[in-house]
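Coordinates in review
Letter by letter, the chains look like this.
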Amino acid sequence: MLVVAPEGGDADDLFRELRGRPDLQVLSAATAAAAAERLREAAVCLLIASPDVATSAVSELLASKERVRPELPVLVIRNRQAEEPEGWIGRGVGVLRCPLVAGALRRSVDVVLGLDLHG
């Protein structure tokens, strides 16, 4: 999976649980442009944007994804009051709201990837 999070943000704590899973390889990109490059180079099964990624950068990221891997599922984590363009949902984007309850990101990833939820 590919996590897009600007350097120096709060993403380390948010994604710590995913990075520690032996069944997942978590790649990182600090910008939408870097993420687009990673999508072209690496096998990615899920794209996740941290809440620190600006709305315009998420839209840029989605446009890149559509060109390179249109079938790729996307989770976008947004702060509680942040708005997102209507077009995100129609593009197969799941939106999670912060603050996330314990285990919500892990469970969401499991559901999107179709992993065994009882394991």
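Up top is the structure these notes are about.
Residues numbered from 1 in each chain as written. Predicted model: local features only at pLDDT ≥ 70, side-chain atom pairs only at ≥ 80, totals over all residues. Heavy atoms only, no water.

Here the focus is the sheet that holds strand β5 (residues 93–98). If you trace the five strands from one edge of the open sheet to the other, you get β2-β1-β3-β4-β5, paired in parallel fashion. Where the open sheet ends on each side, the last strands, each with one partner, are β2 (27–29) and β5. When strand polarity is set aside, the average angle formed by the axes of neighbouring strands in this sheet is 20°. Sheet strands touched by helix α3 (residues 55–68): β1 (2–4), β3 (47–49), β4 (74–79) and β5. Its angle to β4, the strand with the most contacts, is close to 175°. (Pairing = 2+ DSSP bridges. Helix = DSSP H or I, 4+ residues; strand = E, 2+ residues; numbered from the N terminus. Axes fitted to C-alpha atoms, helices over the stretch in contact; angles between N-to-C directions. Contact = heavy atoms within 4.5 Å.)

Bringing the side chain of serine 50 into the picture now. Position of serine 50 relative to the elements: it lies in the loop between β3 and α3. What makes serine 50 buried here is its relative accessible area of 0%. With sequence-adjacent residues up to four places away left out, serine 50 is seen in contact with Val4, Ala5, Pro6, Ala11, Phe15, Ile77 and Arg78. (Buried < 20%, exposed > 50% of the residue type's maximum accessible area, 1.4 Å probe, protein only.)

Turning our attention to the nonpolar core. Core analysis: the biggest nonpolar cluster contains 21 residues, and Leu2, Val4, Val44, Leu47, Val58, Leu61 and Val76 have the highest contact counts within it. Counting residues per element, the ones that place at least two in this core are β1, β2, α2 (32–41), β3, α3 and β4. Top contributing element to this core by residue count: α3, with four residues. Apart from the residues lying within four places of it in its own chain, the contact partners of leucine 2 are Leu27, Ser28, Ala29, Ala35, Arg38, Leu39, Val44, Leu46, Leu47 and Ile48. The next biggest cluster of nonpolar side chains, apart from the first, holds 16 residues, and it includes Leu24, Val26, Ile48 and Val109. (Core = buried A, V, L, I, M, F, W, Y, C linked by side-chain atoms within 4.5 Å.)

Moving on, we come to the packing of α2 against α3. Interaxial distance between α2 and α3 falls to 9 Å at its minimum, and their mutual angle equals 20°. As judged from the angle between their axes, α2 and α3 are roughly parallel. With respect to the hand of their crossing, α2 and α3 are arranged in right-handed fashion. Residues Ala32, Ala33, Ala35, Ala36, Leu39 and Arg40 of α2 form the contact with α3, whose participating residues are Ala57, Glu60, Leu61, Ser64, Lys65 and Val68. (Parallel < 35°, antiparallel > 145°, perpendicular 65-115°, else oblique. Left-handed = near helix turned anticlockwise from the far one by under 90°.)

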